[in-house]
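What follows is each chain in one-letter form.
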Amino acid sequence: MASRELNGMFLMAGASLLATALVNVSTLVQQTDLPYFALLGLSTFFMAVILASTGGIARLCSMPKRQWKWVFGRGFAGASRQWLTLLSISTGAPMGDISALQSINVVVAAVLGRAILGEPMRRLHVAALFFSVVGAVLISKPTALIGLGESGGEPHWLGYTLALLGGVASGGIFIAARKLQGVNQV
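A quick note: this is a predicted structure, and the numbers were derived from the prediction, not measured. (Residues numbered from 1 in each chain as written. Predicted model: local features only at pLDDT ≥ 70, side-chain atom pairs only at ≥ 80, totals over all residues. Heavy atoms only, no water.)

**With respect to the overall build of the protein chain**
Our working rule: Segments assigned H or I by DSSP are reported as helices when at least four residues long, segments assigned E as strands when at least two residues long, and all are numbered from the N terminus. Exposed residues in this analysis have more than 50% of their type's maximum accessible area, buried residues have under 20%, and partly exposed residues fall in between, with area computed by a 1.4 Å probe over protein chains only. A contact between two residues is defined here by any heavy atoms of the two lying within 4.5 Å.
Helix and strand counts for the protein chain stand at nine helices and zero strands. Of the regular secondary structure in the protein chain, the N- to C-terminal order runs α-α-α-α-α-α-α-α-α. Taken over 186 residues, the protein chain has a buried fraction of 27%. A sequence separation of at least 24 residues applies to 74% of the contacts in the protein chain between residues at least 6 apart.

Next up, the structure:
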């Protein structure tokens, strides 16, 4: 049993690293004046075609109908997180601030875990969630958030808001994945 949990931890860490790499590559591609969003849309279309042609639709139809909403929710939350992250980058918000603000996903997952999954939340959990939020704010340079930062310009409120919403969507990914334990998500 421990090896399955260990594998899950490594897969989550790998997914986080790949998501961070994708965001960094996205920024580099945008700076080279390539048609970034057209390339992203085209690659997403090809991934959807490959998934559908390899039996993804047949697997979905063979799944119990009560799990369809969680499969859809997982996909919607994942696509929303990616979309919101890319939009926050396109507003010019600093990458470090975006990543720090999206770390609110842990808080969202804990609150949704309590509300949807009925998981316990003790005082220690609440304290950990509080410090997660405080840490996210401190790492994202609070003076920059209110417009007093080193950049001297206006704060990127839209980018910060989109980054927070991306963190909320990321928290939704964790809950949907928990509801789909044992289901082949490929």
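Now that the structure has been shown, we can carry on.
**As for helix α6 (residues 105-117)**
Asn105, Val107, Val108, Ala109 and Gly113 are the residues of α6 that are buried. Tucked into the core, α6 has its buried residues touching α5 (95-102), α7 (123-139) and α9 (157-179). Gly118 sits one or two positions beyond α6 and adopts a positive phi of about 70 degrees.

**Considering the nonpolar core**
Threshold: Nonpolar cores are built from buried Ala, Val, Leu, Ile, Met, Phe, Trp, Tyr and Cys residues. Side-chain atoms within 4.5 Å join them into one set.
Ranked by size, the top nonpolar core spans ten residues in total: Val23, Val29, Tyr36, Leu86, Ile89, Ala93, Ile98, Leu101, Tyr160 and Ala163. Secondary structure elements with two or more residues in this core: α1 (2-31), α4 (65-90), α5 and α9. In this structure Ala163 touches Ser88, Ile98, Leu101 and Gln102, once residues within four positions along its chain are discounted.

**Digging into the side chain of Gln102**
With respect to the helices, strands and loops of the structure, Gln102 is situated in helix α5. Using a relative accessible area of 13% as the deciding quantity, one classes Gln102 as buried. Apart from residues lying up to four places away in sequence, Gln102 is in contact with Thr85, Ala163, Gly166 and Gly167.

**Some points on the confidence of the model for the protein chain**
In plain terms, the rule: Residue-level confidence of the predictor, termed pLDDT, takes values from 0 up to 100.
When pLDDT is averaged along the protein chain, the result is 80; 85% of the residues meet or exceed 70. Mean pLDDT values over the elements of the protein chain span from 58, in helix α8 (residues 142-145), up to 91, in α9.

**Focus: the packing of aromatic side chains**
Just so we agree on the cut-off: Pairing of aromatic side chains here covers Phe, Tyr and the six-membered ring of Trp, requires ring centres within 6.5 Å, and sorts the geometry by plane angle: under 30 degrees stacked, over 60 edge-to-face, intermediate tilted.
The tally for this structure, following the rule as stated, stands at four aromatic pairs. A ring pair is formed by Phe130 and Phe131, whose centres lie 5.4 Å apart and whose planes are at 70 degrees; its orientation type is edge-to-face. Seen from their ring centres, Trp157 and Tyr160 are 6.5 Å apart, and the 90 degrees between their planes marks the pair as edge-to-face. Placement of both Trp157 and Tyr160 in helix α9 is noted, with a separation of three residues, approximately one turn of the helix. On the accessibility criterion, Trp157 (48% relative accessible area) is partly exposed. With relative accessibility at 4%, the residue Tyr160 sits in the buried group.

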